[in-house]
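Listed below, chain by chain, are the residues.
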Amino acid sequence: MIEYIPYITVVAMIFIGLYAVLFRRNLIKIVIGISIIESGVNLFLVILGYREGGVAPIYTSLPPGTTYPGEMVLPVPQALTLTSIVIGVAVLALMLSLVMHIYRKYGTLDVRKIRRLKE
Amino acid sequence: MTLLETLISQSPALIIAVPLFSAFLIPLVSRINAKLRNIFAVVMLGFTGCLIGLLASDVIVHGPLIYIFGAKNLSVPLVRILFEVDSMSIFMAIITVMLAGIAVIYSWSFMSEQDGLDKYYTLLLLVVTSALGMELTGDIFNFFVFLEISCIASCALIAFWISEGEALEAAFKYIVVSAVGALFVLFAIGILYAQYNALNIATLAHMLQFSFLDKIVLVLLLVVLGMKAGLAPMHMWLPDSYGRAPPSVTLIIMSATLASLYGVLRVVFTVYGNVLTTSMRFDLPLHVLVGWILIVLAIVSILIGVIMAFIQTDLLRLIGYAAIAEVGYIFLAMGTAIAALGTPYGAIALQGGVLHLLNDALDIGLLFLVAGAIYYVTKKRSLDEIGGLARTMKYTTVFFIIGLLAVAGMPPLNGFASKFLIYESVYRLNPILSIVALLCSILMLAIFIKVLYAAFLGPELPALKDAREAPKSMLLAMGILAGMAVLIGLFPNLFLDTIIKPAADALLNHAQYISTVVGGI
């Protein structure tokens, strides 16, 4: 049971984030929701690469006696996570700058008062 | 001769690298001269187009080509990224670079009075890079990276007219939808990696077992990429962004949208190609199930697009809804091809759908450019405030008439060729679908005839007395699109035999796509 807890956390984070994106009315809270989903997905990738008792996958600094590659944690999911974090920062910055401009224009962050594009 | 062969073998990397580096050179070039910047953008896209043409001539004859970034001979199989180019990818790349070139030519006059143009061209070339990357890559994580680049750059372009609140709103909507969608793509990629320890599309397709998790992955990828392609009921961002972005940008975003549509096809036909005939519940094969789901969503898209276009008064938004209907036609054809996999009319539906991809880009692109020209001349969006423009904008009127006939599928134009293939093959699957599609096409004609009367015919409005013809570069851009529409309409077989059929065959022949990578290395 204990080994499932990370996966349960991932699912919980994704659903909390989705709830915020779908049902919150404040633009900043929507942005926070997206960040939570992103953390959940990143956590998922990190868990995939973890091996019980594994060492860092760096060839030059392996502790003596370790065998490649069985005792290393997987490097690929870590690379994926790093890429995803970098992209996440860019998206977050862009979203926040949009929110800033919207606030300047409309003087509010409430979605109900901003919606002009209907039909 | 060897130089040419070297160029072809290196071109998958160059096709990505040239627009990417020129994107970041643009701010430097634009320090020297604004005109030089425009020429630089056109020349670089032209060079990319030449490379794509060279690669296409090779790929269509010799089959899929792979390009390896990273280790070529290494016992660890993961430390590399593959680009795999087959006829379908190169066909999509041709559409992308064509739309981009036309958008840059159009921007020459259209955007000339704006500032911040160095950033505009940088973003524009970045979207082109990302769309080309999504189309050429053979690595599913790489696909995700390019998807994110396209979502960030397109969002910034949609908000280009930042003084308008609606543009900001459309951009925010777009980025929320795309960011959440892209994260679910990453989640799906994680699930696939956890099961098969691979990120390469061909390797994944080769090893796919169709477990319960794979079904979840299929649903996630179809929903997200369908949403990015503008399939109803996930279409709500599309008319907002298409209607509020500058019309030259709309063309570029359309190419990113079509790249997502290519993603749907790649996932269904290639990644799940081996398991499409697996029986699901009630003895229904997977391809029938997926095909019918796509068909139902496509019919909903067509209906929503046409009905909502009927009640719009904002011209750009109206064309945005028409674009949803056109995407619906493409998905109708693709759904039929998937549901009727292996039958002759399924193959014809696929050819019709692939041809309609090209025609959708041409027709909707042309209409957007005409609407942009009207906006450029009159500074008005609403159909209620314009009228009688045919007196001063003669060429634009002619281009609009070509566009409206093409989008409604009238005989001498390109829309007829592809829609006829679609009706014919869909009729074999289920006549009712074909009838609905045909009726909606007629409604589309009615909608655009209404626009023709409202905008171009009727009495001259006093407010628009000093309206003039659009500038030359805009007319040139519209002329190229209209010329292509007429050319494809008159000689559809020329295009069908040279590029459409190889592209459709490449989609169906997933075994070749897989064996190029799995057997070759």
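Residues numbered from 1 in each chain as written. Chains lettered and ligands numbered in written order. Predicted model: local features only at pLDDT ≥ 70, side-chain atom pairs only at ≥ 80, totals over all residues.

Asker: Please give an account of the overall build of chain A that cites residues and values.
Answerer: The helix and strand tally for chain A stands at 4 helices and 0 strands. Traced from its N-terminal end to its C-terminal end, chain A shows the element sequence α-α-α-α. Against the 2.2 N^0.38 benchmark of 14 Å for 119 residues, chain A shows a C-alpha radius of gyration of 20 Å, more extended than a compact globule. Each of the three principal axes of chain A carries a C-alpha extent, and together these read 65 × 35 × 20 Å. Per-residue burial for chain A yields a buried fraction of 27% across its 119 residues. When contacts within chain A are restricted to residue pairs at least 6 apart in sequence, long-range pairs at least 24 apart make up 53% of them. (Helix = DSSP H or I, 4+ residues; strand = E, 2+ residues; numbered from the N terminus. Rg over C-alpha atoms; globule rule 2.2 N^0.38 Å. Buried ≥ 20, exposed ≤ 12 C-beta atoms within 10 Å, placed from the backbone. Contact = placed C-beta atoms within 7 Å.)

Asker: Break down the interface of chain B and chain A for me, citing the residues and quoting the values.
Answerer: Of the residues lining the interface, 27 residues belong to chain B; the matching set on chain A comes to 27 residues. In terms of residue count, the dominant contributor to the side of chain B that touches chain A is helix α6 (residues 165-196) of chain B (17 residues).

Asker: Could you give an account of the nonpolar core, naming the residues involved and the relevant values?
Answerer: Formed by 240 residues in total, the largest nonpolar core has its most connected members in Leu157, Ile158, Ala171, Ile175, Ile252, Leu332 and Leu366 of chain B. Not counting the four nearest positions on each side in its chain, Leu157 of chain B is found in contact with Leu123, Leu124, Val127, Ala245, Val249, Ile252 and Ile253 of chain B. (Core = buried A, V, L, I, M, F, W, Y, C linked by C-beta atoms within 7 Å.)

Asker: Account for the packing of helix α14 (residues 394-407) of chain B against helix α16 (residues 431-455) of chain B, with residues named and values stated.
Answerer: Residue and element names in this part refer to chain B. Between α14 and α16, the least distance of the axes is 9 Å, while the angle of their chain directions is 165°. Comparing their axes, α16 and α14 come out roughly antiparallel. Crossing geometry of α14 relative to α16 is assigned as right-handed. Between α14 and α16, the contacting residues are Phe400, Ile401, Leu404 and Val407 on the first element and Met444, Phe448 and Leu452 on the second. Here the residues of the contact of α14 with α16 are counted per class, giving 7 nonpolar, no polar and no charged. (Axes fitted to C-alpha atoms, helices over the stretch in contact; angles between N-to-C directions. Parallel < 35°, antiparallel > 145°, perpendicular 65-115°, else oblique. Left-handed = near helix turned anticlockwise from the far one by under 90°. Nonpolar A, V, L, I, M, F, W, Y, C, P; charged D, E, K, R; others polar.)

Asker: Describe in detail the packing of helix α1 (residues 2-32) of chain B against helix α2 (residues 34-62) of chain B, supporting the description with residues and values.
Answerer: Residue and element names in this part refer to chain B. Viewed as axis vectors pointing N to C, α1 and α2 meet at an angle of 175°, and their least axial separation amounts to 9 Å. It follows that α1 is roughly antiparallel to α2 by the angle criterion. Residues belonging to the contact of α1 with α2 are distributed by class as follows: 20 nonpolar, 4 polar and 2 charged.

Asker: I'd like to hear about the confidence of the model for chain A, residue by residue, with values.
Answerer: This prediction gives chain A a mean pLDDT of 86; 92% of its residues lie at or above 70. When mean pLDDT is taken per element in chain A, helix α1 (residues 5-23) of chain A scores highest with 93 and helix α4 (residues 111-114) of chain A scores lowest with 82. (pLDDT = per-residue confidence, 0-100.)

Asker: Please set out the environment of Ala406 of chain B residue by residue, giving values where relevant.
Answerer: Here Ala406 of chain B lies in helix α14. Between the C-alpha atom of Ala406 of chain B and that of Leu362 of chain B, which follows or precedes it by 44 residues, the distance is 9.0 Å.

Asker: I'd like a rundown of helix α19 (residues 510-518) of chain B, residues and numbers included.
Answerer: Residue and element names in this part refer to chain B. For α19, the set of buried residues is His510, Tyr513, Ile514, Thr516 and Val517. All buried residues of α19 project into a common sector of 155° when viewed along the axis, lining one side. Check the buried side of α19 and you find it contacts β1 (65-70), β2 (80-85), α7 (201-207) and α10 (247-271). (Arc of directions from axis to C-beta.)

Asker: Lay out unusual backbone geometry with the relevant residues and their values.
Answerer: Residues and elements named next belong to chain B. The linkage connecting Ala232 with the following residue, Pro233, adopts the cis geometry, with an omega of 0°. Structurally, the position occupied by Pro233 is in the loop between α8 (212-229) and α9 (237-244). The residue Asn197 is not glycine, and still its phi comes out positive at about 55°. Looking at where Asn197 falls in the secondary structure, it is placed in the loop between α6 and α7.

Asker: An account of α14 of chain B is needed here, citing residue identities and associated values.
Answerer: Residues and elements named next belong to chain B. The end-to-end C-alpha distance of α14 is 20 Å, a good match for the 20 Å that 14 residues give at a rise of 1.5 Å each. Buried within α14 we find Thr396, Phe399, Phe400, Ile402, Gly403, Leu404, Leu405, Ala406 and Val407. At its buried positions, α14 is contacted by α12 (315-339), α13 (344-378), α15 (414-429), α16 and α17 (472-490). Looking one or two residues past α14, Gly409 carries a phi angle of roughly 75°, positive in sign. (Expected span 1.5 Å × (residues − 1).)

Asker: Explain the environment of Ala131 of chain B to me, and be specific about the residues and the numbers.
Answerer: All names here are of chain B. As for its placement among the helices and strands, Ala131 is situated in helix α4 (residues 117-136). Note on Ala131: 34 C-beta atoms within 10 Å, which makes it buried. C-alpha separation for the pair Ala131 and Ile16, spaced 115 residues apart in sequence, amounts to 9.5 Å. Setting aside anything within four residues of it in sequence, one finds Ala131 in contact with Thr96, Ser150, Ser255, Ala256 and Ala259.

Asker: Describe in detail the environment of Leu36 of chain B, supporting the description with residues and values.
Answerer: Position of Leu36 of chain B relative to the elements: it lies in helix α2. Separated by 10 residues in the primary sequence, Leu36 of chain B and Ile26 of chain B place their C-alpha atoms 9.7 Å from one another.

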